[in-house]
Structure formats: C-alpha cells, structure tokens
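Topology and contacts: notes
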Amino acid sequence: TKELHMKSIASIMSIMTASLLLWACGNNTPKRIVSEVPIKTEVLGLKLGDVSSENAVETALTKATGKYVLTESQKNGIATVVRAIPTSLEISYGGLSWHYVDVTLDKEKKIAQISIVASFENIERAKEQYNAAVQVFTQKYGQGNIDQEAQNAFWIDDTNSVGLSYMESSAINGEDRSFCTLYYVSRELYTSLEEANIPDV
C-alpha cells in the first residue's frame, strides 16, 4: 500500500507554483495572508537552502527518524529530486504518519523543497489526512491561505512557505492511489527553479 506514484513530483511542483504565485497580483484576487510566525526551515534533519546530496538526505533522515531509509534520485529539468523511503514503510511527523519524503535540489544542490507524502487507497483517506494536518498547522501558524478548489492550503512568511495538498494519481504499477503531501519551500530557490524551466520566447 506504499507504492510510489509517477506523477507526484510534477504534480506537487505545479501545485507549489500556483501557491507561490497565488494572490501575487491583480485587483480581483484576495489578499494573501502572511504568517507572523516564521516558517520552520529545518525538517527531519534537512534544512532549506543547505547544500545536500542523495547520501546526505539518506543520512539525515535515518538519523532524524531512527529508521533506515532507501533513496533514489530523479532529474526534473535542472532540479534533482531525491526520494527517501523508510524501510519501515512509514514515519511520524506532526503527529501523523507519512510514507516517504521527496527532497528537491536546485542546480547548485541546495534544498529548495522538502515534501513529506502519505499514500492511500482512496481520496477520502487523503482528505482526512489533509484536514487533520491543516488543523495542526493552523494551531502553529494561524489562519492560512486555503484554496478549496485546488485542494491546497499554505502558510507563508514571505521567505519560506509550508503547505498541504491532496490529490488522486497513480502508482508506478499503474494502480490508482491518492496522496496527501506536506511541503516546505524556500520561495527564492523554488522560484529560480520555475523560472529556469520557462522556455525562452
């Protein structure tokens, strides 16, 4: 029940792009809520903006969780995404269980995004996890920016952002799965990744 899904990296990156740009401009959009509480930058032994590698991710997560993790890397444009899967098939974070971690490194190998993912048999379970996590982060950071239609919520301090989303997708074996993702993002590094992927016209 812990299969990986092929579309997760691209899907989460597109959700993050929308979140980072949401309410950035225009007169017909609501004002973005900026958190007075600084967004956490160190998560499970990994720190946004630090130079890292596949081996470093494996070492940090194993130490932070007390559970051995297996890692693999995948290129996504100029970014490298390191996927870390605990051999115990789950880790605990924020009082909830999650199944793997994706760490996005920019071209200089700096950590631009840390995504903690839970995989479920159906969208209802993913939504339950999302709602529970939204409550946890609302208690910590106050009212967030919620987009019900996009199934996304995020908190931002204008330097970093933490967010949650849920979606239906598919595992690498083609099985339908649903996912809840918690992501921490360095806005500067992530925006640079997005700009690098925009074709020259």
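Note that the structure is predicted; figures quoted are calculated from it, not measured.

**Some points on the confidence of the model for the protein**
- Taken as a whole, the protein shows an average pLDDT of 84; of its residues, 79% reach a score of 70 or greater.
- Within the protein, the lowest mean pLDDT, 48, falls on helix 1 (residues 8-21), and the highest, 97, falls on strand 2 (residues 46-47).
- Between residues 1-7, whose pLDDT stays under 50, and residues either more than four places distant or in other chains, the model counts 32 contacts.
- The low-confidence segment residues 15-29, where pLDDT is below 50, has 25 contacts with residues more than four positions distant or belonging to other chains.

**Quick word on the packing of aromatic side chains**
- Following the criterion strictly, the structure yields 5 aromatic pairs and no others.
- Pairing Phe 137 with Trp 155 gives two aromatic rings, centres 5.9 Å apart and planes at 35 degrees, and the pair type is tilted. Here Phe 137, found in helix 3 (residues 123-141), pairs with Trp 155, found in strand 10 (residues 152-156); they are 18 residues apart in sequence, far enough to count as distant. Both residues of the pair, Phe 137 and Trp 155, count as buried.

**Topic: helix 2 (residues 54-65)**
- In this model, helix 2 (12 residues) spans 16 Å end to end at C-alpha, consistent with the 16 Å of a helix rising 1.5 Å per residue.
- Along helix 2, the residues classified as buried are Val 57, Glu 58, Ala 60 and Leu 61.
- If you follow the buried residues of helix 2, they end up packed against strand 2, strand 3 (69-76), strand 4 (79-86) and strand 7 (100-105).
- Count one or two residues on from helix 2 and you reach Gly 66, which has phi positive near 75 degrees.

**Here's the deal with the nonpolar core**
- Within the largest apolar cluster, 37 residues are counted, with the highest numbers of intra-cluster contacts made by Trp 98, Val 101, Trp 155, Leu 164, Leu 182 and Tyr 184.
- A per-element tally of this core places helix 3 first, with 6 residues.
- Beyond its immediate stretch of four places on either side in the chain, Val 101 contacts Leu 44, Leu 61, Val 82, Arg 83, Ala 84, Ile 91, Ile 114, Ser 115 and Ile 116.
- Of all hydrophobic cores here, the second largest spans 5 residues; its members include Phe 154, Ile 156, Val 185 and Tyr 190.

**A closer look at the pairing of strand 4**
- Judged by how many residues are buried, strand 4 sits mostly within the fold: 7 of 8 residues are covered.
- Joining the antiparallel neighbours strand 3 and strand 4 is a turn of 2 residues, in which Gly 77 adopts a positive phi near 70 degrees.
- Two elements, strand 4 and strand 7, share 5 bridges in a ladder whose sense is antiparallel. Within the sheet, the bridge partner assigned to Ala 84 lies in strand 7 and is Val 101.

**Comments concerning the pattern of salt bridges**
- A full pass over the atoms with the stated rule returns 5 salt bridges.
- Asp 158 is the salt-bridge partner of Arg 32, the closest N and O atoms lying 2.6 Å from each other. On the criterion of sequence distance, the pair formed by Arg 32 in the loop between helix 1 and strand 1 (42-43) and Asp 158 in the loop between strand 10 and strand 11 (160-170) is long-range, its members being 126 residues apart.
- The residue Asp 158 makes a salt bridge to Arg 187 at a minimum N-O spacing of 3.7 Å. Of this pair, Asp 158 sits in the loop between strand 10 and strand 11 while Arg 187 sits in helix 4 (residues 187-196); the two residues are 29 residues apart in sequence, bridging distant segments of the chain.
- What makes Asp 158 partly exposed here is its relative accessible area of 39%.
- Take Arg 187: its relative accessible area is 18%, and that puts it in the buried class.
- Within the structure, one salt-bridge network assembled from shared partners comprises Arg 32, Asp 158 and Arg 187.

Conventions we followed
- Residues numbered from 1 in each chain as written.
- Predicted model: local features only at pLDDT ≥ 70, side-chain atom pairs only at ≥ 80, totals over all residues.
- Heavy atoms only, no water.
- pLDDT = per-residue confidence, 0-100.
- Helix = DSSP H or I, 4+ residues; strand = E, 2+ residues; numbered from the N terminus.
- Contact = heavy atoms within 4.5 Å.
- Phe/Tyr/Trp six-rings, centres within 6.5 Å; stacked < 30°, edge-to-face > 60°.
- Buried < 20%, exposed > 50% of the residue type's maximum accessible area, 1.4 Å probe, protein only.
- Expected span 1.5 Å × (residues − 1).
- Core = buried A, V, L, I, M, F, W, Y, C linked by side-chain atoms within 4.5 Å.
- Pairing = 2+ DSSP bridges.
- Salt bridge = Lys/Arg side-chain N within 4 Å of Asp/Glu carboxyl O.

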